[in-house]
Amino acid sequence: MFTHEDLAQLQAQSLKMQGWIRQQTFSPGADKALRRFSSWEVAELIFRVNQSTLRGRLATDPSLPQGLVEEDGRQRWYTLEEINEMRRRIKVNRRSLMPARPAGKRALRAAIANFKGGAGKSTVALHFAHAAALDGYRVLCVDFDPQATLSHSMGLTDVAEDYTVWGIMARDLIHETNRMNASARGAESGAALPRRTLPSSITDLGLDGLRVSDFIKPTCWPTIDLIPSCANAAFVEFASAQYRHLNPEWSFFAAVSRYLDALPDDAYDLILFDCPPAIGYQSMNAVFAADMLYIPSGPGYWEYDSTTSFVGQLAEALEDLSAFSGAVPTGTMKLPKVFQDVRFLLTRYEPGNELHRAMRSAFGKVFGDRLAEHPIEMTRAVEQSGRFLSSIYETDYRDMTRETWRRARASFDQAYDEFKTHALAAWDNLEDGQ
Ligand SMILES: Nc1ncnc2c1ncn2[C@@H]1O[C@H](COP(=O)(O)OP(=O)(O)O)[C@@H](O)[C@H]1O
Ligand SMILES: [Mg+2]
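Residue indices follow the written sequence of each chain, beginning from 1 at its first position. For this description, chains carry letters from A and ligands carry numbers from 1, given in the order in which they are written. Local features in a predicted model are, by the rule used here, given only for residues with pLDDT of at least 70; side-chain atom pairs are given and counted only at 80 or more, and totals for whole chains, interfaces and linings are based on all residues. As a rule here, side-chain values cover all heavy atoms of the structure and leave hydrogens and water aside.

## Topic: helix α13 (residues 354-367)
Line of reasoning, step 1. For helices the rule is a DSSP run of H or I covering at least 4 residues; for strands it is a run of E covering at least 2, with both sets numbered from the N terminus onward. Here the expected length of a helix is defined as 1.5 Å per residue gap, with one fewer gap than residues. Relative to the 20 Å expected for 14 residues at 1.5 Å per residue, α13 spans 20 Å between its end C-alpha atoms, a close match to the ideal helical length.
Line of reasoning, step 2. Note on exposure labels: buried denotes an accessible area under 20% of the residue type's maximum, exposed denotes more than 50%, and partly exposed covers the range between, all computed with a 1.4 Å probe on protein chains only. Taken as a whole, α13 has its buried residues at H356, M359, F363 and F367. Seen end-on, α13 carries its buried residues on one side only, within an arc spanning 65 degrees. Residues E354 and K365 are exposed on α13 and point more than 90 degrees away from its buried face.
Line of reasoning, step 3. Buried positions along α13 lie against β11 (292-297), α12 (301-322) and β12 (341-346).
Line of reasoning, step 4. Think of a polar contact as two N or O atoms within 3.5 Å of one another; within protein, one of them needs to be a possible hydrogen donor and the other a possible acceptor, and neighboring residues in sequence only count if both atoms come from side chains. In this structure N353 caps α13, since a side-chain oxygen of it lies 2.9 Å from the backbone nitrogen of L355.
Line of reasoning, step 5. Positive backbone phi, at 55 degrees, marks G368, one or two positions downstream of α13. Throughout, the arc means that of the directions going from the helix axis to the C-beta atoms. Whether two residues touch is decided by their heavy atoms; if any such pair falls within 4.5 Å, the residues are in contact.

Below is the structure:
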């Protein structure tokens, strides 16, 4: 027979090996580092200008970044910082190389969400973050999934749970409860609201003293930051249920939205959420904070089925929330929740597979132009790079056949370009100062 004590003992044993196993699996040796990009990539794939045009510019102005020449030949290789400096300083045909950003708006928030595990959420989130950073955007990723695939892929493995979405939610509970108590005391007329007290097990964690920036970790990409997750954050679902009980007026689903409202408008351009494969407190925070939903789905029948049920469950959960009768939420969010855009994206798609083609046309019939035109293709390159927790953008094309690399990259580039078009339209529609 086993009790909780036996389970605790098993965990203690397991923890002893955790560091070693992690090292074997995730980070063989060193910290993750970002590679340099060749002049071919910078010109044709990143700036999308003629190679000789770029070479000419760099030759006439020696104060521009000159990169490094590697042993293998004529190509120069540039860091992302150098690429961003060129982007700021070079114009081609009077066209700026800076990416578009609507004036006077905060960062756009997009959630990559589906309750199905293995739908490709983390892969899409990782690749869109990298594509956007190469496009010149400043990106903040939020990992809502305690499986922490995105955090691990971005090189963050030793994360304390205080600094995850759980910490943000618990800190929000403390702040909101204090705010409600203060306004209850200050009210001179009307029925006094009950004062809520939180147990010292929550207030003594020191979370209310954390600043907004304490939750944000840098990654090896100079323009990508991350609010990471970790396996221990799985108990957030359990804890949140208790928190709601402690203060039923707390708008638990708006914690992350309120947190992001506290960031300066110009700190980031794009905020990307990787969602957990379940409906719960974390995923509700993600969808609630999102301006835009991007729903990846595999091209199989069961995936179609579970994507349909995801949309249904989400509709129900959001309907429930719209009747939320607790404290009037603060921040920029409103009830009922309104998205600027909702799109579906097929992933792991094989153009040669008859079933996939049939499912694509079924998705198209049902969702119409909500279905992204460019699916993400299943590729060995992504499968392989995924195993090393890297994106195709991070993989050096010299490490595989150039054609294999290009095909995989082209598929993500097209999906990103389409995402960007929709994102810019959604961004334009955000209310000013919102
Ligand atoms: N386009 C693709 N080509 C090949 N393998 C893929 C592709 N997209 C995802 N995968 C693989 O499928 C698995 C599940 O993807 P993942 O993004 O982790 O899904 P989720 O986050 O929805 O659970 C991973 O092993 C990943 O490497
Ligand atoms: Mg995932």
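Text resumes after the structure shown.
## As for the site of ligand 1
Line of reasoning, step 1. Residue proximity to a molecule or strand is established when one non-hydrogen atom of the residue lies within 4 Å of it. Near ligand 1 there are 15 residues, and of these G118, K121, S122, T123 and E377 occur at the shortest range.
Line of reasoning, step 2. G118 has a polar backbone atom sitting 2.7 Å from an oxygen atom of ligand 1.
Line of reasoning, step 3. The contact in question runs from an oxygen atom of ligand 1 to an N or O atom on the backbone of K121, over 2.9 Å.
Line of reasoning, step 4. Each accessible area is a Shrake-Rupley result for a 1.4 Å probe, and residues are judged covered by the shown protein chains and nothing else. Alone, ligand 1 offers 560 Å² of accessible surface; in the complex the protein occludes 78% of this.
Line of reasoning, step 5. Within the residue set of the shell around ligand 1, elements represented by two or more residues are α5 (121-134) and α14 (380-387).
Line of reasoning, step 6. Ranked by the residues each element gives to the shell around ligand 1, the list is headed by α5, at three residues.

## Considering the packing of aromatic side chains
Line of reasoning, step 1. Centres within 6.5 Å are what make two rings of Phe, Tyr or Trp a pair, Trp counting through its six-membered ring; a difference in plane orientation under 30 degrees is then read as stacked, over 60 as edge-to-face, and the rest as tilted. Inspection of every chain in the model, using the stated rule, returns 25 aromatic pairs.
Line of reasoning, step 2. When the ring of Y416 is compared with that of F419, the centres are 6.4 Å apart and the planes differ by 40 degrees; the resulting orientation is tilted. Remark: F419 and Y416 occur in helix α15 (residues 402-429); sequence separation between them is three residues, near one turn of the helix.
Line of reasoning, step 3. Overall, the relative accessible area of 4% leaves Y416 in the buried class.
Line of reasoning, step 4. Given the relative accessible area of 1%, F419 is considered buried.
Line of reasoning, step 5. Ring-pair connections join several aromatic residues into one group, and the members of that group are Y243, W250, F252, F253, Y281, F288 and F324.
Line of reasoning, step 6. Sitting over the face of the ring of F288, K337 holds its NZ or CZ atom 5.7 Å from the ring centroid.
Line of reasoning, step 7. Note on geometry: a ring has a charge over it if NZ (lysine) or CZ (arginine) is within 6 Å of the ring centre and within 35 degrees of the ring normal. The ring of W40 has R402 lying over it, and the distance from NZ or CZ to the ring centre is 4.6 Å.

## Comments concerning the nonpolar core
Line of reasoning, step 1. Core analysis: the biggest nonpolar cluster contains 66 residues, and F47, L54, F128, C141, L272 and F419 have the highest contact counts within it.
Line of reasoning, step 2. If near-sequence neighbours (up to four positions away) are discounted, F128 is found in contact with I112, L272, Y294, L345, A415, Y416 and F419.
Line of reasoning, step 3. In terms of nonpolar packing, the next biggest core, distinct from the first, is built from 63 residues, V256, Y259, C275 and F339 among them. In these notes, a set of buried Ala, Val, Leu, Ile, Met, Phe, Trp, Tyr and Cys residues joined through side-chain atoms within 4.5 Å is what counts as a nonpolar core.

## Comments concerning unusual backbone geometry
Residues other than glycine predominantly adopt negative phi, and peptide bonds predominantly adopt the trans conformation.
Line of reasoning, step 1. In this structure, P336 follows L335 across a cis peptide bond, with omega equal to -10 degrees.
Line of reasoning, step 2. Looking at where P336 falls in the secondary structure, it is placed in the loop between α12 and β12.
Line of reasoning, step 3. Of note, R94 is a non-glycine position whose phi angle comes to about 60 degrees, a positive value.
Line of reasoning, step 4. The topology assignment puts R94 in the loop between β4 (91-92) and β5 (95-96).
Line of reasoning, step 5. Phi is positive for A148, close to 55 degrees, though the residue is something other than glycine.
Line of reasoning, step 6. Position of A148 among the secondary structure elements: in the loop between β7 (139-143) and α6 (149-153).

## Here's the deal with the sheet that holds strand β8 (residues 217-218)
Line of reasoning, step 1. Each pair of strands is called paired provided DSSP finds at least two bridges between the two strands. Across the sheet, seven strands lie side by side as β8-β9-β7-β10-β6-β11-β12; this open sheet has mixed pairing. Taken across any chain shown, the strands that pair with only one partner, and hence form the sheet edges, are β8 and β12.
Line of reasoning, step 2. Of the pairings in the sheet, the one linking β8 to strand β9 (residues 224-227) comprises two bridges and is antiparallel in character. Paired with K217 across the two strands is L226, which belongs to β9.
Line of reasoning, step 3. Lines fitted to C-alpha atoms define the axes, with helix axes restricted to the stretch in contact, and inter-axis angles between N-to-C directions lie between 0 and 180 degrees. Against the sheet, α12 contacts β11 and β12, and its axis sits at roughly 155 degrees relative to β11.
Line of reasoning, step 4. On top of the sheet, α15 reaches β6 (108-112), β10 (270-274), β11 and β12; it is set at about 155 degrees to β11, its chief contact.

## Here we look at the pairing of β10
Line of reasoning, step 1. Counting buried positions over the five residues of β10 gives five, a clear majority of the element.
Line of reasoning, step 2. As paired elements, β6 and β10 share five bridges and run parallel to each other. Across the sheet, residue I112 finds its bridge partner in β10, namely D274.

## A look at the side chain of S251
Line of reasoning, step 1. Position of S251 among the secondary structure elements: in the loop between α9 (236-246) and α10 (255-261).
Line of reasoning, step 2. Classification of S251 as buried rests on a relative accessible area of 1%.
Line of reasoning, step 3. Side-chain polar atoms of S251 contact the side chain of R258, separated by 3.0 Å.

## Thoughts on the pairing of β6
Walk down a regular strand and you will see the side chains alternate between the two sheet faces.
Line of reasoning, step 1. Summarising burial for β6: five of the five residues are buried, a large majority.
Line of reasoning, step 2. Every second residue of β6 is oriented toward a common face, with L108, A110 and I112 on one face and R109 and A111 on the other, all of them buried.

## Some thoughts on the pattern of salt bridges
Line of reasoning, step 1. A side-chain nitrogen of Lys or Arg and a carboxyl oxygen of Asp or Glu constitute a salt bridge if their distance falls within 4 Å. Summed over the entire model, instances satisfying the criterion amount to 26 salt bridges.
Line of reasoning, step 2. A salt bridge links E85 to R89; its shortest N-O distance comes to 2.8 Å. Placement of the pair is E85 and R89 together in helix α4 (residues 80-89), with a separation of four residues, close to one helical turn.
Line of reasoning, step 3. In this structure, the salt-bridge partner of D266 is R138, at a minimum N-O distance of 3.1 Å.

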